[in-house]
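# Structural overview for review
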Amino acid sequence: MMTTPNRPATDDLPAWVPALVEDVARRLPPSEIVDRLLTDDRMKIVWRSLMRQTPNDAQVDVSLLHDPRIKIVWRSLMRQTPKDTQVDVSLLWRARDTPLGLTRDVLYSYPAGERGCAAFFVGVVDVLAEPPSAMTRVEYDAEVRRFADAAELCRTEHAAGMPHEALAIVADYFARKAMSMKTTSGLHIVERSGGERSDDALRVQARHVAAESFALYGQRNCGTVAKALSVATGVTVSKGSIENWTHDVPKYFARDSQ
């Protein structure tokens, strides 16, 4: 008989947990992050704030019905699942038409406020499921410059008579790589290192969670993001820190809409 490993640590969840958040949480393998978000009293304020807002249903659909990143969450959390249930987890996954096993009819039987809360919940779990890749602005610019310089070197050698067409191909690759880095979202970039990589990682996580909020609600919800991140990571994060770390997040959405 197939067991169900995706249960929260407690069967008696607080009454303030939105019903759809609980439903979605029970579809994920257990994790400390999920448990904290479901049981810490500070999340009551988070859900209350988000329930008063109307989410972008297109983003809700992406987050809860179609987002391939949920597979990354699943694989990451499955590594925390006891070995004897991992096969069952994998079978459960393959049996699902959508990443969380939700249908549109089920999703839209819940109020808009709960749909937004659930999408935000999945976003936070997704962001924190894997260690973030953090780079400072100086490191990022140096990496872009390295690819651009490599492309220019290959083109120079090819123009000088080097017969290998591979040089032109490699030059194009390096050029595309440099351009891709310039145009990709810079949510993993911090302007300067805080001196400790753990702090840099926290700032990148904050930027991604704020981006999730902006995609859903059109605003960063800095206080709400600070509270949720504090609960999920166990590290106290202030609203002011979120405002400072994520001030440029809206520009990425402005660029995407052009």
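Cut-offs applied
Residues numbered from 1 in each chain as written. Predicted model: local features only at pLDDT ≥ 70, side-chain atom pairs only at ≥ 80, totals over all residues. Heavy atoms only, no water. Helix = DSSP H or I, 4+ residues; strand = E, 2+ residues; numbered from the N terminus. Buried < 20%, exposed > 50% of the residue type's maximum accessible area, 1.4 Å probe, protein only. Contact = heavy atoms within 4.5 Å. Areas by Shrake-Rupley, 256 points an atom, 1.4 Å probe, with all protein chains shown as cover. Axes fitted to C-alpha atoms, helices over the stretch in contact; angles between N-to-C directions. Parallel < 35°, antiparallel > 145°, perpendicular 65-115°, else oblique. Left-handed = near helix turned anticlockwise from the far one by under 90°. Nonpolar A, V, L, I, M, F, W, Y, C, P; charged D, E, K, R; others polar. Polar contact = N/O pair within 3.5 Å; in protein donor to acceptor, adjacent residues only side chain to side chain. Core = buried A, V, L, I, M, F, W, Y, C linked by side-chain atoms within 4.5 Å. Salt bridge = Lys/Arg side-chain N within 4 Å of Asp/Glu carboxyl O. pLDDT = per-residue confidence, 0-100.

### Focus on the overall build of the protein chain
- What the protein chain contains, in helices and strands, is 14 helices and two strands.
- Scored against the burial criterion, the 258 residues of the protein chain give a buried share of 47%.
- Considering only intrachain contacts with a sequence separation of at least 6, the fraction spanning at least 24 residues in the protein chain is 73%.
- Accessible surface, the protein chain as shown: approximately 13,300 Å² in total, 53% of it carbon and sulfur.

### A word on the packing of helix α3 (residues 43–51) against helix α8 (residues 112–129)
- Their axes nearest at 8 Å, the elements α3 and α8 cross at an angle of 130°. Here α3 lies oblique to α8, going by the angle between them. Crossing of α3 against α8: the hand is right-handed. Contact residues: α3 offers V46, W47, L50 and M51, while α8 offers G113, E114, C117, F120 and F121.
- Of the residues assigned to the contact of α3 with α8, the class counts are seven nonpolar, one polar and one charged.

### Quick look at the environment of W16
- With respect to the element layout, W16 can be found in the segment before α1 (19–25).
- For W16 and I45, which are 29 residues apart along the polypeptide, the C-alpha to C-alpha distance reads 9.4 Å.
- Every residue in contact with W16, bar those within four places of it in the chain, is listed here: L38, T39, D40, D41, M43, K44 and W47.

### Some words on the side chain of Q53
- By the element assignment, Q53 lies in the loop between α3 and α4 (57–66).
- On the accessibility criterion, Q53 (15% relative accessible area) is buried.
- Residues in contact with Q53, not counting those within four places in the same chain, are G113, Y217, Q219 and N221.

### Here's the deal with the side chain of D23
- Among the secondary structure elements, D23 is positioned in helix α1.
- For D23, a relative accessible area of 17% puts it in the buried group.
- At a separation of 3.3 Å, a polar atom in the side chain of D23 contacts the side chain of Y110.
- Not counting the four nearest positions on each side in its chain, D23 is found in contact with L102 and Y110.

### Concerning the nonpolar core
- V24, L37, W47, L64, F120, F121 and I242 are the most contacted members of the largest nonpolar core, which totals 48 residues.
- Elements that contribute at least two residues to this core include exactly α1, α2 (32–39), α3, α4, α8, α11 (197–217), α12 (222–233) and α13 (239–245).
- Examining the composition of this core, we find that ten residues originate from one element, α8, more than from any other.
- Beyond its immediate chain neighbours, meaning those up to four positions away, V24 contacts L64, L100, L102, A118, F121 and V122.

### A few points about the packing of α3 against α12
- For the pair α3 and α12, interaxial distance at closest approach is 9 Å and the crossing angle is 145°. For the pair α3 and α12, the crossing hand works out as left-handed. Residues M43, V46, S49 and L50 of α3 lie in contact with α12, whose contacting residues are T224, K227, A228 and V231.
- Grouping the amino acids of the contact of α3 with α12 by side-chain chemistry returns five nonpolar, two polar and one charged.

### Quick word on the pattern of salt bridges
- Inspection of the entire model under this criterion finds eight salt bridges.
- In this structure, R27 and D23 form a salt bridge, with 2.9 Å as the shortest nitrogen-oxygen distance.
- We note a salt bridge from D57 to R115, for which the minimum N-O separation is 3.3 Å. With D57 in helix α4 and R115 in helix α8, this pair connects stretches of sequence that are 58 residues apart.

### Some details on the confidence of the model for the protein chain
- Summing up the model confidence of the protein chain, the mean pLDDT is 75 and the portion of residues at 70 or higher is 55%.
- The element-level mean pLDDT for the protein chain is lowest in helix α6 (residues 83–94), coming to 46, with α3 highest at 97.
- Contacts for the low-pLDDT stretch residues 85–96, under 50 throughout, to residues beyond four places or in other chains number 25 contacts.
- Overall, residues 180–184 carries pLDDT values under 50, and its contacts beyond four positions in sequence, including any with other chains, amount to ten contacts.

### Focus: α4
- Residues of α4 that are buried include every one of Q59, V60, D61, S63, L64 and L65, and no others.
- Its side-chain oxygen placed 2.9 Å from the backbone nitrogen of A58, N56 serves as the N-cap of α4.

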